[in-house]
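Structural characterization, general
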Amino acid sequence: MVQRLHEQGIEDSLVLDIMAREPRHLFLDEALSHRAYEDTALPIGHAQTLSQPWIVARMSELVHEQQPTRVLEIGTGSGYQTLILARMVEELWSVERINALHRQAAKRMRLLKAHNVRLRLADGGHGWPEAAPFDVILLTACASELPEPLLSQLVEGGVLIAPLEAHDGSQWLTRVRRCGESYEHERLEPVRFVPLLEGVIR
Ligand code: SAH
């Protein structure tokens, strides 16, 4: 899998090393775990998906570029992206709105001894005010409009990395950098994510 990611343009050796080491199959149901190292998104239940390895690698690379110490992730999902980030930053906060996924991810973080991760069941649109500000905020679900609280929880010069929906419905991986009270948007590449939704499902 990692060789293929490299061929597909992922150059960050720390990201590749971490992904070579960490067990992606533990983030899937047993019935699907034999497909864990294919380059594809896979279902994790509740109409959600484990992102394909390439996008996890790409987003991790973008996070690492910032050399962050404090990172917030919105959309824990299976927890796989969470684990990869946990291995490269000092402190990580991750929010999920579906209780069943949140609890499963918490179990996996304990099993894999990712002690620098704090998970919360909540609507990630509010961010994590008590832990703010963050060097990087990463969304793993697609927003049509960025929730304002998220942007205000970035440090000066910090970045938010997120799939954003354009007016024509296409989705673009986007990097938004905080410069004082203004925000610079940079469109990176086309992507396909499940939508960012409001509210919590217990
Ligand atoms: N990185 C995850 C991606 C899971 S899909 C993985 O690879 O497993 C995106 C996740 O975002 C889903 O679990 C979905 O429930 C969650 N999500 C969507 N809107 C959200 C919101 N407002 N707050 C928190 N989580 C949200």
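Residues numbered from 1 in each chain as written. Predicted model: local features only at pLDDT ≥ 70, side-chain atom pairs only at ≥ 80, totals over all residues. Heavy atoms only, no water.

Per an unreviewed UniProt entry, the recorded name for the protein is Protein-L-isoaspartate O-methyltransferase, and the organism is Halomonas huangheensis. According to UniProt, the comment filed for the protein under the heading Catalytic activity (unreviewed entry) is "[protein]-L-isoaspartate + S-adenosyl-L-methionine = [protein]-L-isoaspartate alpha-methyl ester + S-adenosyl-L-homocysteine". Regarding the protein, the UniProt comment filed under Subcellular location (unreviewed entry) reads as follows: "Cytoplasm". (UniProt positions renumbered as here; feature names shortened; annotations may be inferred.)

1. As for the overall build of the protein
Helix and strand counts for the protein stand at 6 helices and 9 strands. Relative to the globule expectation of 17 Å for 202 residues, the C-alpha radius of gyration of the protein, 16 Å, shows essentially globular dimensions. Principal axes of the C-alpha set define a box for the protein whose edges measure 45 × 40 × 35 Å. The proportion of buried residues among the 202 residues of the protein is 54%. If you take every contact in the protein between residues at least 6 apart in sequence, the share linking residues at least 24 apart comes to 54%. Charged side chains of the protein number 21 positive and 28 negative; the gap between the two group centres comes to 8 Å. (Helix = DSSP H or I, 4+ residues; strand = E, 2+ residues; numbered from the N terminus. Rg over C-alpha atoms; globule rule 2.2 N^0.38 Å. Buried < 20%, exposed > 50% of the residue type's maximum accessible area, 1.4 Å probe, protein only. Contact = heavy atoms within 4.5 Å. Lys, Arg positive; Asp, Glu negative; His and termini not counted. Charge placed at Lys NZ, Arg CZ, Asp CG, Glu CD.)

2. Description of helix 5 (residues 99-111)
With 13 residues, helix 5 should reach 18 Å at 1.5 Å per residue; the first-to-last C-alpha distance of 18 Å fits that figure. Considered for burial, the residues of helix 5 that qualify are Asn99, Leu101, His102, Ala105, Ala106, Arg108 and Met109. Packed against the buried residues of helix 5 are strand 1 (42-45), strand 2 (48-50), helix 4 (80-86), strand 4 (91-96) and strand 5 (117-121). Looking one or two residues beyond helix 5, the residue adopting positive phi is Lys113, at roughly 55 degrees. (Expected span 1.5 Å × (residues − 1).)

3. Digging into the pairing of strand 4
When you tally the buried positions in strand 4, you get 5 out of 6 residues, the bulk of the element. Here strand 3 (residues 70-74) pairs with strand 4 via 5 bridges, running parallel. In the strand pairing of strand 4, Leu72 is matched with Trp93. A crossover connection joins strand 3 to the parallel strand 4 through helix 4; in handedness this β-α-β unit is right-handed. In the sheet, strand 4 pairs with strand 5 via 5 bridges, with the strands oriented parallel. Each bridged residue has a counterpart across the sheet, and for Trp93 the counterpart in strand 5 is Arg118. (Pairing = 2+ DSSP bridges. Right-handed = clockwise from strand over helix to strand, strands pointing away.)

4. Some words on the pairing of strand 1
Strand direction decides the pairing type here: strand 1 and strand 2, joined by 3 bridges, are antiparallel. Residue pairing for strand 2: Leu42 is matched across the bridge by Leu50. Adjacent in sequence and paired antiparallel, strand 1 and strand 2 are bridged by 2 residues, among which His46 carries a positive phi angle near 55 degrees.

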